[in-house]
Amino acid sequence: MIRIIAIVLCLSLICTAAPTSDSELIKRIKNDYDDVLNMVMKAKKRDSKDTLVFVANCGIQGSWYSPHVAHIDLDCEPDSSPAGAGTITGTWTNAPDNHYPLKGRYTKFEDDYYLGFTVAFNNEHIGNSKSVTSLTGMYNNDWGKMTTFWIMTNRTNPGDEWQDSKIGKAVFERSNRH
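Residues numbered from 1 in each chain as written. Predicted model: local features only at pLDDT ≥ 70, side-chain atom pairs only at ≥ 80, totals over all residues. Heavy atoms only, no water.

Looking at the chain in UniProt, the text filed under Subcellular location (unreviewed entry) is "Secreted". (UniProt positions renumbered as here; feature names shortened; annotations may be inferred.)

A.B. asks: Just give me the short version of the pairing of strand S2 (residues 70-78), but keep the residues and values in it.
C.D. replies: One face of the sheet, then the other: side chains in a regular strand alternate in exactly this way. Pairing geometry for strand S1 (residues 62-66) and S2, over 5 bridges, is antiparallel. Across the sheet, the residue bridging to Gly62 is Leu74, located in S2. Counting the residues in the hairpin turn of S1 and S2 gives 3 residues, including His68, whose phi is positive at 65°. Here S2 runs beside strand S3 (residues 85-95); their pairing, made up of 8 bridges, is antiparallel. Counterpart to Ile72 in the pairing with S3 is Trp92. A loop of 6 residues connects S2 with S3, the two strands running antiparallel in sequence, and Gly84 in this loop sits at a positive phi of about 85°. (Pairing = 2+ DSSP bridges. Helix = DSSP H or I, 4+ residues; strand = E, 2+ residues; numbered from the N terminus.)

A.B. asks: Any chance you could break down the packing of aromatic side chains for me, citing the residues and the numbers?
C.D. replies: For the structure shown, the criterion picks out 5 aromatic pairs. Taking 5.6 Å as the distance between ring centres and 70° as the angle between the ring planes, the aromatic pair formed by Trp64 and Tyr139 counts as edge-to-face. Of this pair, Trp64 sits in strand S1 while Tyr139 sits in strand S6 (residues 127-140), and the two are 75 residues apart along the sequence. The exposure class of Trp64 is buried, given its relative accessible area of 0%. (Phe/Tyr/Trp six-rings, centres within 6.5 Å; stacked < 30°, edge-to-face > 60°. Buried < 20%, exposed > 50% of the residue type's maximum accessible area, 1.4 Å probe, protein only.)

As structure tokens, this is what we get:
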């Protein structure tokens with residue numbers, strides 16, 4: 001926290017020091033502001049009064065793994081409202097060099113996250129697999145796991161539509177992969 005205060009003080013000195021053009025000064029301030037913001041985002045901690053300094057991501061952001069299902073890498077973008085909801089984006093990887101984008105939504109209540117996201121299995125490596133999976137579930141902070149239920153829809157032959165959808169459960173745990 002002291003480093004951040006020191007940087008802010010330096011910024012104010014830069015503004016009053018050496019004469020520079022307005023555009024040059026604005027660039028310097030923006031670069032210093034970005035540096036401070038990045039430091040705060042990486043810190044992800046509270047100050048001595050236990051007030052929230054800044055939290056850049058949510059509790060489900062990062063790499064996850066579920067055996068026989070996939071590795072997923074999630075990013076969170078909180079909504080502008082303080083309601084604790086936001087957008088999930090990321091990557092679903094079910095084989096080496098076989099990646100699919102995923103998108104969804106989450107909401108937070110206390111330390112838990114309720115989430116849902118969808119993956120369309122269509123990429124340059126495999127092509128169009130003619131299937132889509134949607135997952136819904138929750139991350140329970142006490143368990144440290146993300147429990148989801150999924151439904152996958154894929155193409156079948158006419159008359160076999162009853163086989164179009166498959167339902168299952170996937171439990172994801174944090175992964176060290178990146």
